Amino acid sequence: MAAEVEAAVEAALAGPEPDRGSLFEYVRTTPRTVAETPLPTGPEAPEPTRYSRAVKAALRYELERDPSVFVAGIDVGEGGNVFGLTRGLAAEFPGRVRDTPIAETAIIGAGVGAAMAGMRPVMEIMYADFLGVCLDQLMNQAAKLRYMTGGKVSVPLTIRTQFGAGRSSGAQHSQSIEAMLAHIPGLQVVMPSTPADAYGLLRSAIHEDSPVVVIEHRLLYEKSGPGFHPDHVVPIGKAAVLREGTDVTVVAVSRMARESLAVAEELVAEGISVEVVDLRSVAPIDWETVLGSLAKTNRLVVAHEAVSDFGIGAEIAARAVDEGFWSLDAPVLRVTAPFTPAPYAPALEREWVVGQRQIAEAVRRTVDSVP
């Protein structure tokens, strides 16, 4: 064995230096080409559905379609998930919807190993906050193995989790950590705001050959939206223009996309035309759609539930100033939570959580700016 190792070391040292152009190779697999399925309209359109039911439907569809797919996590089996999203799936797919110990590192570690072995695991972490427990498995294993093996290993791993303040869940159960995850090369991160996107993005995540973190919002689980057909898919990395406008662009994600849409509809009465862009994916971000909308309206507001400092809003603002500088007629504004942990006391949480009022104030402020 020692001789074999020494021979391998000598061969590696004798090999040529890598070409500088290979720096970006093997960070992740080539994204699958997915054509988004238009939502059906008219008398043939399916009934509206709830976000929670869309998630369950996507899991059922993929479990039926592909025997390499399985679901595992704390209470996802008999308990049916803390919000009941997976209730009944364990009975429908014996052995493929499995309860795990309360051990997030083990959950993600098992998912990484299963993905490397050719399966397509969907591992659930009950609260996004708990991803901190298993960050090594995410950051140093799932996200890095393809790069470190020169493309010899793929990790088709989907991680489902949920987040959101507004229920007095406290500082350890309410965090928005998408920016931290998006900062890790090799990870993809999606945050659907509608039932159709929850369904389509989860299906796309399961099809990907690189790890994807799907972050759902707990306050959206019982919100309804337009129905969709079972073959519905949404491409990762493609934003959606929820409403076209001419005066200001609001770029938002998850719950804040829905709040922004409501604000845009209300501000029509004030003569303000707001274009609403739902990112849907925060890694990668659809810069073409974001900057294209900015070029059209010349004003930009970014809204996210996470705290202000170092969030995705800062990244979008920096890119707008860099690549979209000559389109800007006003400063880029951010609508975010204050830079504190999420409070437990309801009165303080109401002060901390941002929503329609703050978005409307930011839109009015930027529209009133003189170019």
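Before any of the text, the structure's been laid out above.
Residues numbered from 1 in each chain as written. Predicted model: local features only at pLDDT ≥ 70, side-chain atom pairs only at ≥ 80, totals over all residues. Heavy atoms only, no water.

A.B. asks: Where do I start with the side chain of Thr 336 in this structure?
C.D. replies: Looking at the secondary structure, you find Thr 336 in strand E14 (residues 333-337). According to the relative accessible area criterion, Thr 336 is buried, its value standing at 15%. For Thr 336, the side chain forms a polar contact with the main-chain nitrogen of Ser 308, separated by 3.5 Å. For Thr 336, the contacting residues outside a window of four places in its chain are His 304, Ala 306, Val 307, Ser 308 and Val 354. (Helix = DSSP H or I, 4+ residues; strand = E, 2+ residues; numbered from the N terminus. Buried < 20%, exposed > 50% of the residue type's maximum accessible area, 1.4 Å probe, protein only. Polar contact = N/O pair within 3.5 Å; in protein donor to acceptor, adjacent residues only side chain to side chain. Contact = heavy atoms within 4.5 Å.)

A.B. asks: Looking at this structure, how should I read the packing of aromatic side chains?
C.D. replies: For any pair of aromatic rings, the description consists of the separation of the ring centres together with the inter-plane angle of the planes. Under the counting rule described, the total for this entry stands at five aromatic pairs. Geometrically, the ring pair formed by Phe 325 and Trp 326 is edge-to-face, given 4.9 Å between the ring centres and 85° between the ring planes. Overall, Phe 325 belongs to the partly exposed group, its relative accessible area being 42%. One aromatic cluster in this structure is built from Tyr 51, Phe 83 and Tyr 221. (Phe/Tyr/Trp six-rings, centres within 6.5 Å; stacked < 30°, edge-to-face > 60°.)

A.B. asks: Honestly, the pattern of salt bridges in this entry has me stumped. Any pointers?
C.D. replies: Any two side chains of opposite charge can pair, given that their charged atoms come close. In this structure the tally under the stated criterion is 18 salt bridges. A salt bridge links Arg 65 to Glu 62; the nearest nitrogen and oxygen atoms lie 2.6 Å apart. Of this pair, Arg 65 and Glu 62 both sit in helix H2 (residues 51-65), three residues apart, which is roughly one turn of the helix. Accessibility expressed as a relative area gives 40% for Arg 65, which makes it partly exposed. Among the salt bridges present, the one from Glu 259 reaches Arg 255, with a minimum N-O distance of 3.3 Å. (Salt bridge = Lys/Arg side-chain N within 4 Å of Asp/Glu carboxyl O.)

A.B. asks: Which parts of the structure should I look at to understand the environment of Val 55?
C.D. replies: Considering the arrangement of structural elements, one finds Val 55 in helix H2. For Val 55, a relative accessible area of 0% gives the class buried. Note: C-alpha distance between Val 55 and Gly 324 (269 residues apart in sequence) is 36 Å. In contact with Val 55, other than residues within four places in its own chain, are Leu 85, Arg 160, Ala 198, Leu 202 and Glu 216.

A.B. asks: Looking at this structure, how should I read the pairing of strand E4 (residues 120-124)?
C.D. replies: Note on strand geometry: in a regular strand, side chains alternate between the two faces of the sheet. Counting buried residues in E4 gives five out of five residues, a clear majority hidden from the surface. Side-chain alternation along E4 places Arg 120, Val 122 and Glu 124 on one buried face and Pro 121 and Met 123 on a second face that is also buried. Bridge count for E4 against strand E5 (residues 158-163) is three bridges, and the pairing is parallel. Across the sheet, residue Met 123 finds its bridge partner in E5, namely Ile 159. (Pairing = 2+ DSSP bridges.)

A.B. asks: Even after reading the chapter, I still don't get the nonpolar core, so can you show me in this structure?
C.D. replies: Of all hydrophobic cores here, the largest spans 51 residues; its most connected members are Ile 108, Leu 131, Leu 157, Leu 181, Leu 279 and Ile 316. The element contributing the most residues to this core is helix H4 (residues 104-116), with five residues. Excluding residues within four positions of it along the chain, Leu 131 makes contact with Ile 125, Leu 138, Ile 159, Thr 161, Ile 177, Leu 181 and Val 213. Among the nonpolar cores identified, the runner-up in size contains 29 residues, and Ala 58, Leu 85, Val 190 and Tyr 199 belong to it. (Core = buried A, V, L, I, M, F, W, Y, C linked by side-chain atoms within 4.5 Å.)

A.B. asks: How do you make sense of a nonpolar patch on the surface when you look at a structure like this?
C.D. replies: There is a patch of nonpolar side chains on the surface, built from Leu 23, Phe 24, Tyr 26, Tyr 147 and Met 148 and spanning about 600 Å² of accessible area. Tracing the backbone shows Phe 24 in the loop between helix H1 (2-14) and strand E1 (49-50). (Patch = residues over 30% accessible without salt bridge, like charges linked within 9 Å, V, L, I, M, F, W, Y side chains within 5 Å. Areas by Shrake-Rupley, 256 points an atom, 1.4 Å probe, with all protein chains shown as cover.)

A.B. asks: How should I be thinking about unusual backbone geometry in this particular structure?
C.D. replies: The general pattern is negative phi for most residues beyond glycine and trans for most peptide bonds. Note that the residue after Ala 283, namely Pro 284, is joined by a cis bond; omega there is 0°. Relative to the elements of secondary structure, Pro 284 occurs in the loop between strand E12 (281-283) and helix H10 (287-297). One non-glycine residue, Arg 280, adopts positive backbone phi at about 65°. Turning to its location among the elements, Arg 280 is positioned in the loop between strand E11 (274-278) and E12. Positive phi, close to 65°, is recorded for Phe 310, a residue that is not glycine. By secondary structure assignment, the location of Phe 310 is in the loop between strand E13 (300-307) and helix H11 (312-323). Given a relative accessible area of 74%, Phe 310 falls into the exposed group.

A.B. asks: Before we go on, may I ask you to explain the environment of Arg 350 in this structure?
C.D. replies: In this structure, Arg 350 sits in helix H12 (residues 346-352). Linking Arg 350 and Ala 306, residues 44 residues apart in sequence, is a C-alpha distance of 14 Å.

A.B. asks: Sorry, what's going on with the sheet that holds strand E2 (residues 69-73) here?
C.D. replies: Sheets are built from strands paired through backbone hydrogen bonds, the pairs being either parallel or antiparallel. Taken in spatial order, the seven strands make up an open sheet running E3-E2-E4-E5-E7-E6-E12, and their pairing is mixed. At either margin of the open sheet sits one strand with a lone partner, and together these are strand E3 (97-99) and E12. On average, each strand axis in the sheet is inclined to that of its neighbour by 20°, with strand direction left out of account. Of the strands in this sheet, E2, E4 and E5 are in contact with H4, which crosses E4 at around 170°. (Axes fitted to C-alpha atoms, helices over the stretch in contact; angles between N-to-C directions.)

A.B. asks: Before we go on, may I ask you to explain the packing of H2 against helix H8 (residues 195-207) in this structure?
C.D. replies: Packed helix pairs are characterised by how far apart their axes lie and by the angle those axes make with each other. It is at 8 Å that the axes of H2 and H8 come closest, and there the two elements cross at 30°. Viewed along their axes, H2 and H8 adopt a mutual orientation that is roughly parallel. Here H2 runs over H8; the crossing is right-handed. Between H2 and H8, the contacting residues are Tyr 51, Ala 54, Val 55, Ala 57, Ala 58, Leu 59, Tyr 61, Glu 62 and Arg 65 on the first element and Pro 195, Ala 198, Tyr 199, Leu 202, Arg 203, Ile 206 and His 207 on the second. (Parallel < 35°, antiparallel > 145°, perpendicular 65-115°, else oblique. Left-handed = near helix turned anticlockwise from the far one by under 90°.)

A.B. asks: Would you explain the packing of helix H9 (residues 255-267) against helix H13 (residues 356-368) in this entry?
C.D. replies: The contact between H9 and H13 brings their axes to 9 Å, and the two run at 55°. By the criterion of interaxial angle, the relationship of H9 to H13 is oblique. In the crossing of H9 with H13, the sense of the turn from one axis to the other is right-handed. Packed against H9, whose contacting residues are Met 256, Glu 259, Ser 260, Ala 262, Val 263, Glu 266 and Leu 267, the element H13 presents Gln 356, Ile 359, Ala 360, Val 363 and Arg 364 at the interface. Of the residues that constitute the contact of H9 with H13, the class distribution is seven nonpolar, two polar and three charged. (Nonpolar A, V, L, I, M, F, W, Y, C, P; charged D, E, K, R; others polar.)

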